[in-house]
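Residue-level structural notes
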2 protein chains.
Amino acid sequence: MAQTPKNIAIIGSGLVGSLLAIYLRRIGHQITVFDRRSDIRTIKFSGRSINLAMSNRGWRSLDEVGIGDRIKDLAIPLDKRAMHVNDKPMYFQKYGKDGEAIWSISRGILNKRMIDLAEEEGAVFRFNEKVWDVDLPEAKIYTGETEKSEWKEYQFDKIFGCDGAFSRVRHKMQRRSRFNYSQNFIDVGYKELTIPANEDGTHKLDKNSFHIWPRGEFMLIAMPNIDGSFTCSLFLPFEGEVSFESIKTEDQAREFFKKYFPNVRKEIEDLTKDFFINPTSAMVTMKCYPWTYWDKVALVGDSAHAIVPFYGQGMNAGFEDIYILNQLMEKHGDDWETIFSEYQEERKPNADAIAELSYRNFVEMSSKTADPKFILQKKIEKHFAARHPEKWVPVYSRVTFSDRPYAEALAIGDMQEGIMKKVMQLPNIEERWDSKEVEDKILELLTDQ
Amino acid sequence: MAQTPKNIAIIGSGLVGSLLAIYLRRIGHQITVFDRRSDIRTIKFSGRSINLAMSNRGWRSLDEVGIGDRIKDLAIPLDKRAMHVNDKPMYFQKYGKDGEAIWSISRGILNKRMIDLAEEEGAVFRFNEKVWDVDLPEAKIYTGETEKSEWKEYQFDKIFGCDGAFSRVRHKMQRRSRFNYSQNFIDVGYKELTIPANEDGTHKLDKNSFHIWPRGEFMLIAMPNIDGSFTCSLFLPFEGEVSFESIKTEDQAREFFKKYFPNVRKEIEDLTKDFFINPTSAMVTMKCYPWTYWDKVALVGDSAHAIVPFYGQGMNAGFEDIYILNQLMEKHGDDWETIFSEYQEERKPNADAIAELSYRNFVEMSSKTADPKFILQKKIEKHFAARHPEKWVPVYSRVTFSDRPYAEALAIGDMQEGIMKKVMQLPNIEERWDSKEVEDKILELLTDQ
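No experiment lies behind these values; they were computed from the predicted model shown.

1. What to know about the overall build of chain A
- Looking only at helices and strands, chain A has 16 helices and 20 strands in total.
- On C-alpha atoms alone, chain A measures out to a radius of gyration of 23 Å, which is about the 22 Å that the 2.2 N^0.38 rule sets for 449 residues.
- Sequence separation of at least 24 residues holds for 69% of the intrachain contacts in chain A that already meet a minimum separation of 6.
- Counting every atom, chain A has about 19,800 Å² of accessible surface; 48% of that belongs to carbon and sulfur.

2. Brief notes about the sheet that holds strand β2 (residues 30-34) of chain A
Residues and elements named next belong to chain A.
- The strand order β8-β2-β1-β12-β20-β19 describes an open sheet built from 6 strands, whose pairing is mixed. Both edges of this open sheet fall to β8 (124-126) and β19 (292-293), since each of them pairs with a single strand only.
- Taken together, the 5 bridges between strand β1 (residues 7-11) and β2 define a ladder with parallel strand orientation. Bridging across to β2, N7 finds its partner in Q30.

3. Describing the state of the cysteines
- Under the counting rule described, the total for this entry stands at 0 disulfides over all chains.
- B:C288 forms no disulfide, and the closest cysteine sulfur to it belongs to B:C162, at a distance of 13 Å.

4. Looking at helix α16 (residues 436-448) of chain A
Residues and elements named next belong to chain A.
- Taking 1.5 Å per residue as the helical rise, α16 with its 13 residues ought to reach 18 Å, and the 18 Å between its terminal C-alpha atoms agrees with that figure.
- Looking only at α16, the buried set comprises V438, E439, I442, L445 and L446. Viewed end-on, α16 has its buried residues packed into an arc of 125 degrees, placing them on one side of the element. Seen from the open side of α16, the exposed residues pointing more than 90 degrees away from its buried face are K436, T447 and D448.

5. Some details on the UniProt feature "transmembrane region" (unreviewed entry) in chain A
- Annotation from UniProt places "transmembrane region" (unreviewed entry) at residues 7-24 of chain A.
- Taken as a whole, residues 7-24 of chain A contains 56% helix and 28% strand, while its terminal C-alpha atoms sit 10 Å from one another.

6. Remarks on the packing of aromatic side chains
- Under the counting rule described, the total for this entry stands at 57 aromatic pairs over all chains.
- Between the aromatic rings of B:F218 and B:Y260, the centroid separation amounts to 4.9 Å while the plane-to-plane angle is 85 degrees, which identifies the pairing as edge-to-face. With B:F218 in the loop between β15 (209-214) and β16 (219-224) and B:Y260 in helix α6 (residues 250-260), the pair connects residues that are 42 residues apart, well separated along the chain. Each member of the pair, B:F218 as well as B:Y260, is classed as buried.
- Seen from their ring centres, B:Y396 and B:F401 are 6.2 Å apart, and the 75 degrees between their planes marks the pair as edge-to-face.
- Clustering of aromatic rings is evident, with ring pairs tying together A:F218, A:F238, A:F244, A:F256, A:F257, A:Y260, A:F261, A:F275 and A:F276.
- One Lys or Arg, A:R60, reaches over the ring of A:Y323 and ends 3.8 Å from the middle of that ring.
- The ring centre of B:F92 lies 5.2 Å from the NZ or CZ of B:K80, which sits over that ring.

7. Considering the interface of chain A and chain B
- Taken together, the 23 residues of chain A in the interface contact 23 residues of chain B.
- Of the roughly 2,000 Å² buried between chain A and chain B on both sides combined, carbon and sulfur atoms contribute 38%.
- Residue A:R178 pairs with B:E239 through a salt bridge whose shortest N-O separation is 3.1 Å.
- Connecting chain A to chain B are 13 residue pairs in polar contact (both at pLDDT 80 or more).
- Of all the elements in the fold, those that place two or more residues in the side of chain A that touches chain B are α5 (168-174) and β13 (180-185) of chain A.
- Here the residues of the side of chain A that touches chain B sort into 7 nonpolar, 8 polar and 8 charged.

8. Observations concerning the pattern of salt bridges
Residues and elements named next belong to chain A.
- Following the criterion strictly, the structure yields 66 salt bridges over all chains and no others.
- With its nearest N and O atoms 3.3 Å apart, the salt bridge here joins D206 to K80. Of this pair, D206 sits in the loop between β14 (188-195) and β15 (209-214) while K80 sits in strand β5 (residues 80-83), placing them 126 residues apart in sequence.
- Among the salt bridges present, the one from D295 reaches K158, with a minimum N-O distance of 4.0 Å. Taken together, the positions of D295 in the loop between β19 and β20 (297-299) and K158 in strand β12 (residues 158-161) put the pair 137 residues apart, joining distant regions of the chain. For the pair D295 and K158, a shared accessibility class is recorded, and that class is buried.

9. Observations regarding the nonpolar core
- Counting residues in hydrophobic clusters, the biggest one holds 152 residues, and the most contacted among them are A:M54, A:F160, B:M54 and B:F160.
- Among residues more than four places away in sequence, those in contact with B:M54 are B:W59, B:L62, B:I71, B:I102, B:W103, B:I105, B:L110, B:M315, B:N316 and B:F319.

10. Quick notes on helix α9 (residues 314-332) of chain B
Residue and element names in this part refer to chain B.
- Over its 19 residues, α9 extends 27 Å from the first C-alpha to the last, a length consistent with the 27 Å expected when each residue adds 1.5 Å.
- Counting buried positions along α9 yields 15 of 19 residues, so the element is predominantly enclosed.
- Among the residues trailing α9, G333 stands out with phi positive, at a value near 55 degrees.

11. Description of the sheet that holds strand β2 (residues 30-34) of chain B
Residue and element names in this part refer to chain B.
- Reading across from one edge, β8-β2-β1-β12-β20-β19 is the order of the 6 strands in this open sheet, with mixed pairing throughout. The sheet terminates laterally at β8 (124-126) and β19 (292-293), the two strands that pair on one side only.
- The pairing of strand β12 (residues 158-161) with strand β20 (residues 297-299) spans 3 bridges and is classified as parallel. Counterpart to F160 in the pairing with β20 is A298.
- This element, helix α10 (residues 336-368), spans β1 (7-11), β12, β19 and β20 of the sheet and lies at about 20 degrees to β20.

Here is what the cut-offs are and how they apply
- Residues numbered from 1 in each chain as written.
- Chains lettered and ligands numbered in written order.
- Predicted model: local features only at pLDDT ≥ 70, side-chain atom pairs only at ≥ 80, totals over all residues.
- Heavy atoms only, no water.
- Helix = DSSP H or I, 4+ residues; strand = E, 2+ residues; numbered from the N terminus.
- Rg over C-alpha atoms; globule rule 2.2 N^0.38 Å.
- Contact = heavy atoms within 4.5 Å.
- Areas by Shrake-Rupley, 256 points an atom, 1.4 Å probe, with all protein chains shown as cover.
- Pairing = 2+ DSSP bridges.
- Disulfide = S-S within 2.5 Å.
- Expected span 1.5 Å × (residues − 1).
- Buried < 20%, exposed > 50% of the residue type's maximum accessible area, 1.4 Å probe, protein only.
- Arc of directions from axis to C-beta.
- UniProt positions renumbered as here; feature names shortened; annotations may be inferred.
- Phe/Tyr/Trp six-rings, centres within 6.5 Å; stacked < 30°, edge-to-face > 60°.
- Lys NZ or Arg CZ within 6 Å of the ring centre and 35° of its normal.
- Buried area = accessible area lost by both parts, 1.4 Å probe.
- Salt bridge = Lys/Arg side-chain N within 4 Å of Asp/Glu carboxyl O.
- Polar contact = N/O pair within 3.5 Å; in protein donor to acceptor, adjacent residues only side chain to side chain.
- Nonpolar A, V, L, I, M, F, W, Y, C, P; charged D, E, K, R; others polar.
- Core = buried A, V, L, I, M, F, W, Y, C linked by side-chain atoms within 4.5 Å.
- Axes fitted to C-alpha atoms, helices over the stretch in contact; angles between N-to-C directions.

The following block contains the structure:
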């Protein structure tokens, strides 16, 4: 069903805001995008981002409006993890089947391109304009220099809050009664570091891998950029024996890398300087409900469901919000009340599911990777999946290489976990993990589901 | 250890704010209490409160500063529930042992007395003065007519946020990184109604009982006031077949009471009028952490841990915060950093525990009271507790008639629940619930703990 063109404000010119602008322009809506910050195309992008991993859900959302190819040239496919375990040669873990990959993109570079594309479609961007208040029932926004300065009033038909985890639009909704909300920070922070390109512009490490240096309570990761560099993220507890708090001097930083990351240390140029120049960032899981206010206001992306980055799905989930919203707009035309209510009902359980999966991945990485039982369990799962690929699709693949709902991936993952719990209790499982009996036992347990 | 007198601001002149003012004045601190609302002693108290149930923790906190007796004359002891089940004569359930009671007090009347007492101690109250911003590291507050009007700046040594579930002080803390926060509303609302006194000033129902009309998904409760009236609270889902949403006209309200509360209907004067004049209030569980900012700012009471009212512990928990804080002030003298950090570390798990217990009571009341298995389990517990009072103290008594930590009550309650789960699985438990074998089984399971 066609929609009557509306005058729509999008708050936030990040990835989700820009993509939503493109979708809504295609339908014919008049779009103004507000951002409190400067045009990212005119400034040096700040060093506080983990590189993004675009996977199936992200590409599908870009392809739907035909811009996938305009983004792909900014991205590098990663078809495997490169594991850098101490005292062991580096080894690879393939992500999925042949041809399956996640794509590394720098947030800054992607965001610039997305804004270019949205402008090409006719969206109007108003940078450096801070939204301080939103009149939800009237769809009015108020902008100004400061919270206390004189404000300018804008009247719109609809407002989309794409202003991220600390959304001002949501903040306004949150002050209303019966608005559920939570923000939970994890005790681990991260810091961006850089491995520059070789002098000839090539990558210093395998460029088609997601590099991980797991160290139990902390880890370093590196993802390639198209200019030959790698963006690294050091994940480390804020407090404790080995922590950001405990590294106060350049000497301590050097010592830390020498001890725990001896092989990568030389690659990170200006290591100790970067360590103290770049900020230490916190990570939060943010949930809320409802996501919409009548037929006037809707939250999309991180403003509705910020997650920790350990599944690489934050941007993909936000883009999928838009994909689903678009399906509902096509289905319900001008019935925005139905569009918004079905949007939040359909997306909320999936956002909760990917939040849970991302948090579990954090727990898994920080506390389980060294547990022999956990390693054995993963080995059995892999062994079985290789023999019965149609019967055992790992959760990672369901999340990353599929477009089935996140909630389904979580549910099937829990079912698989239940089966593995029983399998791990089999006597002498350590010796006969790859035996026919164990395989048959899993098959039998799968049939019981 | 003695404390050096400080200049302290308390934000909020509610029950917790006034009691904290009394405690701090006793130590010799200079106290200014700010409240955005008018002096409650000069206005008619609004009809949106459930009567309060003062129990052990509350009394202990009042007695510590010698004001228990000044409050007791405002309260009526309730030693039992009066159950009004449809098609059954009313029956009583004793709360505890002889002499154990909870005390019904009107929030408005109590708050007025508390402010009087705090003024007697020398606390200065600034009513109708709205705090809009707080400078946490500098302990400054900013007040003014509106958020955008000119503000007045005050400098203090410490600030206590006693400004309730929607605390402005916490709101300021919440915008900082690594502040965990959640607000979760339940789908049930409540509305205040009144049963007036008889013409001779006596109570229309037994005055020493907490009256309950349980109806599955909803219920009515009534608590006595010293003027002979009862304050009633109708708890009802916001939406659904029988809900606040479904009662739109006076006819529908009359029909609702006729059908579900035929016996109490006549007692509630102006029933249908009150129903539409009084607001429908929402109930929230609010959790956050940290509760303090360095040695400058601390949250006390609902601002730190708002809970649903189904355990009657909201005020008691807030008063206990103050009791514990006072112990820590006595212990650590001028070391406010230690006082604040031990305060939040000690109170947080207990606040979480009473939040959980209160929420469980809500679930129990709304969905389990009609379940025959649940009723049988409670019967077995009661039977066993009567025979072995020293071995089985019910959670309700641990929360209400004890001053042991809430977290301990929750843990022991979970242990008891684990035992009862096993007991309920015994074959033919319905027939032999009061047999010697069942009793021995419980004793055996208790020994295993």
